[in-house]
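Observations on the three-dimensional arrangement
Letter by letter, the chains look like this.
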Amino acid sequence: MTPRYCEIALPVPLRSTFTYAIPQHLSNADLVGSRVVVPFRNRAMVGVVVALAANPPEVKKIREIVELLDASPALPPKLIELGMWVSRYYVAPIGETLHAMLPPLAELRPEREYELTDHGRDFLDEMKERGPADSGESVDLAILELLHAGAKPVPSTRVRRIAGGEAVAERLVRRGCLVARERMRHKRERAQKIVAWNPAATPADAKEEKVREILTATRGPLPVPILLKAGASRAVVARLEKEGKLTSWEEPLVAHADAESEADADAWETDFVPPANVLNADQKSALAAVSQWLAEKDFVASLLHGVTGSGKTEIYLGAVAAALAQQRTALVLVPEIALTLWLSRLVRARFGGIVAVLHSGLADNERSHEWWRVRRGEARVVVGTRSAVFAPLENVGLIIVDEEQESSYKQEETPRYNGRDVAIVRARLEGAVALLGSATPSLESYQNARTGKYHLLELKTRVEDRPLASVKLVDLRQEFKQSHRSAPVSSSLLKAIGERFSAGTQVLILINRRGYSWYVLCRSCGAGIECQNCSIALSYHKRRARLECHYCGYSIAVPKLCPKCKSEYLYFVGDGAERVEEYLREQFPKARIARLDRDTVRTKREYQKVLGAFARGDLDLLVGTQMVAKGHDFERVTLVGVVSADLALGRPDFRAAERTFQLLTQVAGRAGRGRFPGEVLIETYYPEHYAIQHAVDQDYVAFFEREIHFRRMMHYPPFIALANVLVRDHKIENAIRWSRAIAAHFDSLKINELKVLGPAAAALSKLRREYRFQILLKTPNRRLLAQVLEGCLSFCEKKEIPDSAVIVDVDPTSLL
């Protein structure tokens, strides 16, 4: 029997699919996995068909699919299966989960339409008889007459032509005079003219010869704007086209987005040299193991633990080559968009045009174009960030997760998945090899390797037997005793910087704090200046002369008096990256110094410009936040200084020590990667802390043994499964009442294996004007945790607690 109905997942916060009828003209179409436009309430939505059915559900009226968007399904069956797992495991609505897996909807745009109701016609007749009472009713009359004149619904674009028209139309909708619906309209595809030299033509002069040279020997066919930038004149191009010496045609504009991106990448001049492909013994052993697993064509999860500078990237490239040799595809994940610039350039240099790059920093049309290149099989290698784990590759043989410990692999909005863990599950579904790589693995991954769940591969030495950088501590307590003053940078670090400048090498300074000062304090009353939307102090940014919240973006001008007691004695506490940069410029006025953080670089081009200048040697010193701590390879850097190394240790998070160790070890790995030996100076007020001590020794195993004992004793991951249930609302009374009701529900279950902590105010008790309370759930049984969380959401639905008020975060990476 031909299926007449289908189940469609829509991007709404509901944990169910919706049944629609399949129109006759789509009865033979390949629907499962395809995107379709369907009516949902009073608007059109794009959903994904997940299943077919022959019999209708027991409802009175079933609406039909309006339009099929894909000639072939967007999501292959394995990705739909993966989406179902993500939805179940992370307790996320299936529609929002599958929506996160799809490309941007570059070909459609929503458009609101208005239609006159019977009540609206009566109101129109009434106003025509008595006339509009005021100027407001004159607009009402104009809109009602506009809709009455046409037989079809009127789009909002026409309504906007009347002054104040859209706002008035929405008011008439609320009064029942109009009905509003949303439709999906196809965008007009932007095109550009491409020109090529006619091989039968002969240039008549030097100008024509230049055009021929550009379009043949140098570049090949080009869009007209790029040809003009290359030196051709518009008049010459027009004349040559008229004479038939140039041929031309139209192409979608997006088709050349890749070329522009490549041009940007080429402009990023660095000291990057493609690897010589000479592997040491450890690298050969690791690559041989991965190649063997690929040949077996079965699921394998492995952890590649190598010290910084040990050549993990070369293992990745060799593994990708091995997967391609078996006619399989490969996926390479990196934690941040910035790292895709370097790694994608390296992978493209090795494998050419079969490489696609996917991340949220691309424009929608460019990302959509890359996504469909992958889906059509034109790209067989994908490099990308967290969301690229859903790249529509088929016949996947290898999934690499670089810097697997990074918290940026965790999505902070629905669906709240961890890209690393989803990569493992996808590899299992595909029968592929999952290769996690890091110099400082997460405790969960290393524990899995120690217990045999993952295979452990180790690279214990740097390439070419280069020594690890020597790491020394600067005890800021002793510095203060000697100088009786506090400075942004210690005298020991200043001395070491001066020595490097004299030797002609470079310096990298890490301070993981943006801004000029951490916060402003009144010395009279002790009050700080907090964000009006969040329970956090505002940070001072000197260049913008503003106090800013790094969470919601709220900012104010720097007050001259304390807002509370009107005292003039305001004190700026703590030094951020902006202050450190200023201080170093004062100390070394002739040095070329730059800063790399979110305040100085906002775009990919700006990021490339700063890093490119540093890599070329145009800068002597680079100050940065954690953006500079990992993944970069600068051969001239011989000194790394870490300012305020113990900042993260005071955070109310059980992973604080692990994060501190990882950050210090990673940034220490930036020194001594070339022919010059490296040194690292770590400034701290807490030199006895085991995370800092083991970072000095760069001894991951010793840190792991110490930290894993703490996790075992306190019942934290990897020994239990953890979930954070966050309850939020703009009214504190609602947040308190709902969090107490949910906690009471958990307690009523009386499950011995389940430990409930809370409710308690979150570490950030107010964020973006919402009051927040959290409940932590701990259990060794993951299946039980999923059942309890599903029951929690059902309880909230029964008690009419809004969906938006409850956030369920499974395996949270942060408890802030």
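Residues numbered from 1 in each chain as written. Predicted model: local features only at pLDDT ≥ 70, side-chain atom pairs only at ≥ 80, totals over all residues. Heavy atoms only, no water.

Taken together, three strands build an open sheet; the order of strands is β22-β23-β24 and the sheet is antiparallel. In this open sheet, the two strands that pair with only one neighbour each are β22 (539-541) and β24 (555-557). If you compare each strand with its neighbour and ignore which way they point, the axes differ by 30 degrees on average. Here β22 pairs with strand β23 (residues 546-548) via three bridges, running antiparallel. The residue of β23 that forms the bridge with His541 is Arg546. (Pairing = 2+ DSSP bridges. Helix = DSSP H or I, 4+ residues; strand = E, 2+ residues; numbered from the N terminus. Axes fitted to C-alpha atoms, helices over the stretch in contact; angles between N-to-C directions.)

A separate point is unusual backbone geometry. Cis peptide bonds are those with omega within 30 degrees of zero, and the linkage from Thr414 to Pro415 qualifies with -5 degrees. Structurally, Pro415 can be placed in the loop between β16 (396-402) and α15 (419-430). Between Gly758 and the following residue, Pro759, the backbone shows a cis peptide bond with an omega angle of 15 degrees. Structurally, Pro759 is set in strand β31 (residues 755-767).

Regular strands place side chains that alternate from one sheet face to the opposite one. β16 sits mainly inside the fold: seven of its seven residues count as buried. Judged from the five bridges that link them, strand β13 (residues 329-333) and β16 form a sheet pairing that is parallel. When the sheet's bridge partners are listed, Thr329 is paired in β16 with Val396. Inspection of the sheet shows β16 paired to strand β17 (residues 433-438) by five bridges, in the parallel sense. In the strand pairing of β17, Asp402 is matched with Gly437. After leaving β16, the chain enters α15 and then returns to the sheet as β17, a path that is right-handed. (Buried < 20%, exposed > 50% of the residue type's maximum accessible area, 1.4 Å probe, protein only. Right-handed = clockwise from strand over helix to strand, strands pointing away.)

Residues Ile742 and Leu777 are the most contacted members of the largest nonpolar core, which totals 117 residues. With eight residues, the single largest contributor to this core is helix α25 (residues 782-798). Beyond its immediate chain neighbours, meaning those up to four positions away, Ile742 contacts Val725, Val727, Ile775, Cys792, Phe795, Cys796, Ile801 and Val806. Listed in part, the 34 residues of the second largest apolar core include Ala289, Val300, Val383 and Leu398. (Core = buried A, V, L, I, M, F, W, Y, C linked by side-chain atoms within 4.5 Å. Contact = heavy atoms within 4.5 Å.)

Moving on, we get to helix α19 (residues 577-587). Among the residues making up α19, those that are buried are Ala577, Glu578, Arg579, Val580, Glu581, Tyr583 and Leu584. Among the structural elements, α18 (491-503), β20 (506-510), β22, β26 (593-596) and β27 (621-624) are those in contact with the buried residues of α19.

Glancing now at the pattern of salt bridges. Within this structure, the stated rule accounts for 48 salt bridges. We note a salt bridge from Asp70 to Arg35, for which the minimum N-O separation is 2.8 Å. Here Asp70 is found in the loop between β5 (67-68) and α1 (77-89), whereas its partner Arg35 is found in strand β3 (residues 35-40), with 35 residues between them in sequence. The partner of Arg373 in a salt bridge is Glu370, and the shortest N-O contact between them spans 2.8 Å. Of this pair, Arg373 and Glu370 are both found in helix α14 (residues 364-375), three residues apart, which corresponds to roughly one turn of the helix. The buried category is assigned to Glu370, whose relative accessible area is 2%. A single network of salt bridges, built from pairs that share partners, joins Glu208, Arg239, Glu243 and Lys245. (Salt bridge = Lys/Arg side-chain N within 4 Å of Asp/Glu carboxyl O.)

No statement about biological role is implied by the geometric values presented.
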